[in-house]
Number of protein chains: 2
Amino acid sequence: MIALRLGLAQVNYTVGDLGGNTETVLARARQAVDAGAQLVMFPEMMLTGYPVEDLVLRPTFRDASRAALDELAVRLDDAGLGRTAVVVGYIDDDGRPRNASAFLLGGRVVARYFKHHLPNYGVFDERRYFAPGTDLTVVRHLGVDIALTVCEDVWQDGGPFTVAGRAGVGLVLNINSSPYERHKDDLRLPLLQRRSAEAGAPIAYVNSVAGQDELVFDGDSMVVEPDGRVVFRAPQFVEDVYVVDVPVAEAVDPAPEVTGEVMTVSRFATGVPPAPAHEPEPAPVAPRIGDEEETWLALVLGLRDYVAKNGFRSVVLGVSGGIDSAVVAAVAAEAVGGDNVYGVSLPSAYSSEHSRTDAEDLMQRLGGHFRTLPIKSIVDDYVSELSLTGVAEENVQARIRGTLLMALSNTDGHLVLATGNKSELAVGYATIYDAGSIGGFAPLKDVPKTLVWALARWRNARAAERGRTLPIPPNSIEKPPSAELSPGQLDSDSLPDYDLLDSILTRYVDADRGVEQIVDDGFDRELVHRIARMVDAAEWKRRQYPPGTKVSFKAFGRDRRLPITNRWREN
Amino acid sequence: MIALRLGLAQVNYTVGDLGGNTETVLARARQAVDAGAQLVMFPEMMLTGYPVEDLVLRPTFRDASRAALDELAVRLDDAGLGRTAVVVGYIDDDGRPRNASAFLLGGRVVARYFKHHLPNYGVFDERRYFAPGTDLTVVRHLGVDIALTVCEDVWQDGGPFTVAGRAGVGLVLNINSSPYERHKDDLRLPLLQRRSAEAGAPIAYVNSVAGQDELVFDGDSMVVEPDGRVVFRAPQFVEDVYVVDVPVAEAVDPAPEVTGEVMTVSRFATGVPPAPAHEPEPAPVAPRIGDEEETWLALVLGLRDYVAKNGFRSVVLGVSGGIDSAVVAAVAAEAVGGDNVYGVSLPSAYSSEHSRTDAEDLMQRLGGHFRTLPIKSIVDDYVSELSLTGVAEENVQARIRGTLLMALSNTDGHLVLATGNKSELAVGYATIYDAGSIGGFAPLKDVPKTLVWALARWRNARAAERGRTLPIPPNSIEKPPSAELSPGQLDSDSLPDYDLLDSILTRYVDADRGVEQIVDDGFDRELVHRIARMVDAAEWKRRQYPPGTKVSFKAFGRDRRLPITNRWREN
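Given the structure is predicted, the values throughout are model-derived calculations rather than measurements. (Residues numbered from 1 in each chain as written. Chains lettered and ligands numbered in written order. Predicted model: local features only at pLDDT ≥ 70, side-chain atom pairs only at ≥ 80, totals over all residues. Heavy atoms only, no water.)

Within helix 9 (residues 376-386) of chain B, the full set of buried residues consists of Ile378(B), Val379(B), Asp381(B), Tyr382(B), Val383(B) and Leu386(B). Trailing helix 9 of chain B by a residue or two, Ser387(B) shows a phi angle of about 50°, which is positive. (Buried < 20%, exposed > 50% of the residue type's maximum accessible area, 1.4 Å probe, protein only. Helix = DSSP H or I, 4+ residues; strand = E, 2+ residues; numbered from the N terminus.)

Take the environment of Gly260(A) next. Residues and elements named next belong to chain A. In this structure, Gly260 sits in the loop between strand 14 (240-248) and strand 15 (264-269). Take Gly260: its relative accessible area is 85%, and that puts it in the exposed class. For the pair Gly260 and Val163, spaced 97 residues apart in the sequence, the C-alpha separation amounts to 9.9 Å.

Now for the interface of chain A and chain B. Counting residues at the interface gives 83 residues for chain A, matched by 82 residues for chain B. For the pairing of chain A and chain B, the buried interface totals around 6,800 Å² over both sides, and the portion due to carbon and sulfur atoms is 52%. On the chain A side of the interface with chain B, the three residues burying the most area are Arg58(A), Thr565(A) and Trp568(A), jointly 11% of the side's total. The tally of links between chain A and chain B comes to 10 salt bridges. (Contact = heavy atoms within 4.5 Å. Buried area = accessible area lost by both parts, 1.4 Å probe. Salt bridge = Lys/Arg side-chain N within 4 Å of Asp/Glu carboxyl O.)

Once that is clear, we can look at the sheet that holds strand 16 (residues 315-318) of chain B. All names here are of chain B. Spatial strand order, 18-17-16-19: 4 strands in an open sheet with parallel pairing. Of all the strands in the sheet, the pair left with one neighbour each is strand 18 (369-372) and strand 19 (415-416). Bridge analysis of strand 17 (residues 341-345) against strand 18 gives 4 bridges, and the strand direction is parallel. Its bridge partner being in strand 18, Gly343 is matched across the sheet by Phe370. (Pairing = 2+ DSSP bridges.)

When chain A is brought onto chain B, the operation consists of a screw motion whose angular component is 180° and whose axial shift is 0.0 Å, with 0.0 Å RMSD remaining. Within this description, the copies of the chain are treated as partners about a two-fold rotation axis. In terms of C-alpha distance to the rotation axis, chain A has Gln544(A) as its closest residue, with the C-alpha 2.0 Å off the axis. Counting the interface residues of chain A, we find that 99% of their copies in chain B are interface residues as well, pointing to one common contact surface. (Least-squares fit on C-alpha atoms with pLDDT ≥ 70 in both.)

A separate point is the pattern of salt bridges. For the structure shown, the criterion picks out 110 salt bridges over all chains. The partner of Lys550(A) in a salt bridge is Asp559(A), with the nearest N and O atoms 2.5 Å apart. Grouping residues by exposure puts Lys550(A) and Asp559(A) together as buried. Of the charged contacts in the structure, one is a salt bridge between Asp220(B) and Arg188(B), with a shortest N-O distance of 3.1 Å.

Here we take up empty space enclosed by the protein. Tallied over the entire structure, the rule returns 14 cavities of 30 Å³ or more. In this model, the second largest cavity occupies a volume close to 90 Å³. Of the residues that constitute the lining of the second largest cavity, the class distribution is 7 nonpolar, no polar and 4 charged. (1 Å grid on protein atoms, 1.4 Å probe; cavity = no way out; pocket = protein on both sides within 12 Å on 5 of 7 lines; lining within 4 Å. Points joined across faces, edges and corners; volume = space filled by probe spheres on them. Nonpolar A, V, L, I, M, F, W, Y, C, P; charged D, E, K, R; others polar.)

Residues and elements named next belong to chain A. Counting buried positions along strand 1 (residues 2-10) gives 9 out of 9 residues, so the element sits mostly inside the fold. Alternating positions in strand 1 separate into two faces, Ile2, Leu4, Leu6, Leu8 and Gln10 on one and Ala3, Arg5, Gly7 and Ala9 on the other, with burial throughout. Sheet analysis places strand 1 next to strand 14, joined by 9 bridges and oriented antiparallel. Counted as the bridge partner of Ala9 is Val241 from strand 14. Pairing geometry for strand 1 and strand 2 (residues 39-41), over 3 bridges, is parallel.

Residue and element names in this part refer to chain A. An order of 13-12-9-8-7-6-15 is seen for the 7 strands of this open sheet, with the pairing classed as mixed. Each of the sheet's edge strands pairs with one partner strand only, and the pair in question is strand 13 (230-233) and strand 15. The sheet shows a mean angle of 20° between the axes of neighbouring strands, direction not considered. Across 6 bridges, strand 6 (residues 135-141) lies against strand 15 in parallel orientation. Across the sheet, residue Val138 finds its bridge partner in strand 15, namely Arg267. Packed onto the sheet, helix 5 (residues 184-199) meets strand 8 (171-176), strand 9 (203-207), strand 12 (222-224) and strand 13 and runs at close to 40° relative to strand 12. (Axes fitted to C-alpha atoms, helices over the stretch in contact; angles between N-to-C directions.)

The next point concerns unusual backbone geometry. Cis geometry is adopted by the peptide bond preceding Pro51(A), which originates at Tyr50(A) and carries an omega value of -10°. Here Pro51(A) shows up in the loop between strand 2 and helix 2 (59-78). For the peptide bond that leads from Asp253(B) to Pro254(B), omega is -10°, which places it in the cis range. Of note, Pro254(B) is situated in the loop between strand 14 (240-248) and strand 15 (264-269). Phi at Glu484(A) takes a positive value of approximately 50°, unusual for a residue other than glycine. Structurally, the position occupied by Glu484(A) is in the loop between helix 13 (474-478) and helix 14 (498-510).

Moving on to the packing of helix 14 of chain A against helix 16 (residues 525-537) of chain A. Residues and elements named next belong to chain A. Relative to each other, helix 14 and helix 16 sit at 65°, their axes nearing to 10 Å. Crossing of helix 14 against helix 16: the hand is right-handed. Along the contact surface, helix 14 presents Leu500, Leu501, Ile504, Leu505, Tyr508 and Val509, while helix 16 presents Leu527, Val528, Ile531, Ala532, Val535 and Asp536. Considering only residue class, the contact of helix 14 with helix 16 consists of 11 nonpolar, no polar and 1 charged. (Left-handed = near helix turned anticlockwise from the far one by under 90°.)

Across chain A, the average pLDDT comes to 95, with 100% of residues at 70 or higher. Here the prediction assigns the complex a pTM of 0.96, and the interface score ipTM is 0.95. (pLDDT = per-residue confidence, 0-100.)

Written out as structure tokens, the structure reads:
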């Protein structure tokens, strides 16, 4: 056994910014080499960002990705980093578009690997874009046979890892852009342990830390051994380069011949002999963090990157004194700084006194900006012009708020944040084009109401532990939720208790369970029917909703794609 | 040679309405049998509608589809139709979900076929849902070996048709839910001629006539022979059952054995011997219709089905006196009847006199309803509350209109129609949440401005030919386009001439051509750059746009999927 010193670059990228992403690779490769790394690995599609969606269909974009790779190889060498191997993800095109990994050394592309397993479920559409690779690339470097793989290759049985095992490799590199969802980190480790056993070699797994529209990538890079031992594990949501000594088996001659497998083994050699042995240093294994913290960090990263990568500096939102806008504002204050958060109270005739005072309290706690724009006179104008009553009158109030926030965005250049949560979006308990549903980004789009409360309590508890100001007014957490669109209105007038609602929604939406199955789980049949119909009927509103960070197994948006026109009703 | 009398059911379905779709099959099978059909074929996924998107992922839905098929077989028999073979599309599940076709006879499912080629490009995501079939199903019935295929099977080389040719079949049935796009009918015929030659047998091709969210299915059912002869062709956009005599070769014994192909031949036999020969009657070949008429009919069908299948009876829209709202109103009047169309003029301080008079003229020509709601006092309220100027003031006017239309929808139950066109949606030349972009459906979403004018002229010319009232005020066609959000404003202040704009957009958006390629086509480099950046920057607005009927090769929506966060810029 010898030890290879690997640099795992758990870093950020921006979709489409090939130049900026190249600079990131150069800077982070330098950092890794300075820390003694012999090989530095970067995430899947590091050069292009991920997912680039239909940009793949533009021939000019694929050409630019290939050109960026060649340029990167030369620039690494020019920067004096040519003696360190760099493995990096990009888009290739050999007549068909490929999700590819390249092995760079000495100013050249030594070898390429094309992703074999292409995910086409959930948020993924890779069969739309790429042709699957059929060769397993093995590069002999520093006396070790190193196999290249990409992301989904570890999630499917058969293919690269079993072939790598038969090929007798000493190390498997797996580069990822693996989107965050709650509890996914609990799946990754046992999966990698199984694949490492199949390959009979350690796996070095690197994932990005980035937000891209509805997805965030949480890092959680690691190195595991065939016996299941965790050599190293990075913290989630922290951008850094981690340098890790990995014990590996030296390559043997002749290398085993592999036939009759689904993939052909393609062998390459750099000609670089084994380095003098060094004593491996132990690497840290980051402790797991709790579910609320993990979700909170995902929301902060998702919003931070959306704001920054789209050229905004500040955000504006309606603050109602309620829990949703309080949590959105608190997430925003962490993402972009309290001084860049503009909270606006938009009271109508039906707004309670505490709606304004709690909102002001919130913005003070966060160090943000606060203003009040009463909407009563504008409401009166609409109501008298159209003789509005009932739901029409309620909705006009809600939409006036949306229009005012958009006007502030036009005037001051803020990104407007929608404050709606997943539970209300699921059942359509929100006015389309109101302050909860307009704007550029909806941080709580995939957060059920009960989790909104749990996040608020967790966030305040953390502040209390650290002796800091509680960011969220306790009154906003404790008071009964209300849209305040008519006198004395409460959510509970129209909806079941949120614990009950979310329990049904998780089953119907996230798990695709049938109505009868949910009834069998112990819920009232009539209620389950009613909720299912509300969910189905609200699809048209969801289609016009801004993007928001996916944190659940199944998010509305690219993850759950239902027809609007849909007469399906379960008996 | 003998002749088989086929019924081609070019009919409508509704997604998720398994009961209603079953009734359609029963009624249309009866109609076909009354006209002497020996075999009746229905479109792809007739029982479930198409596309059902993530409903496929619900086990209860797949079970319901299988149960509906079994029930249909029994009910056909109960209705005295059991001696006529019926071929119908549905979703099967043999452990994996399948896009399937069934051959029904005598109250039983005689044979099933699972679609081999699964499209996963453009508007299609079938690799997300289905496992590909690997068996070619051949049913011997009435002395003829009949192969079953589904839709995409004709669009890809290799597979069912070459295997059918080696298996010596006498007839291939191809059932479709093939979405309309301009010029697609010109592709279908040569394609079917090629496949018929490969199979060495006639192909009977049936397609639905239906609207489903952003897609419409245009029929265009036909029968072609291996020598290229067109036996029959149905008109586009007409729901009916067409009964056609098709000359076919009798089956031989033993049937050819097929080995070494990508698909295995699975043979079934109904035991029903050849019927007494009858003299084949010639069938009609519908003349092709012009591009404008075809597009117009697609827009009418798309809107009509969206309204009806979502339980609406009437529509409301802002009528500005301009060409977009005039064409939307005219399409709506054909789709739902003029008496169900409510046009609202929403003049501001900057609205011209002709904006109101042309709008009123329009609604009179269409036999619709007209009212005027001046927005000046509401605008003044907002402007003074926020001290708005410039774009913020322009946008507030636009959004007030949106809010008023949504209030009318709340009050009266109308579906709100967005009036924006593809050109403005492409470059973001529209206020998000204004009267052009809010509501439930956007008929012109995929219609470039130049085509909006062409459609208006064509529609008026047709009315003139027939001696009818011109539906669209000639003044709305002739006047220069303006948003009228500031004094004397014209579209041409901010945008190039629409002929030029649309020429660039078609290349950049529909054809994915690079900036340099477009410059090489003869366009100004700076202008092409500017347009490309406007398109990229407007993606966030498009994501929140209502659905609208796809008529082009590449529609915004499910057809073109770009990231919002996207720094890609072509040099």
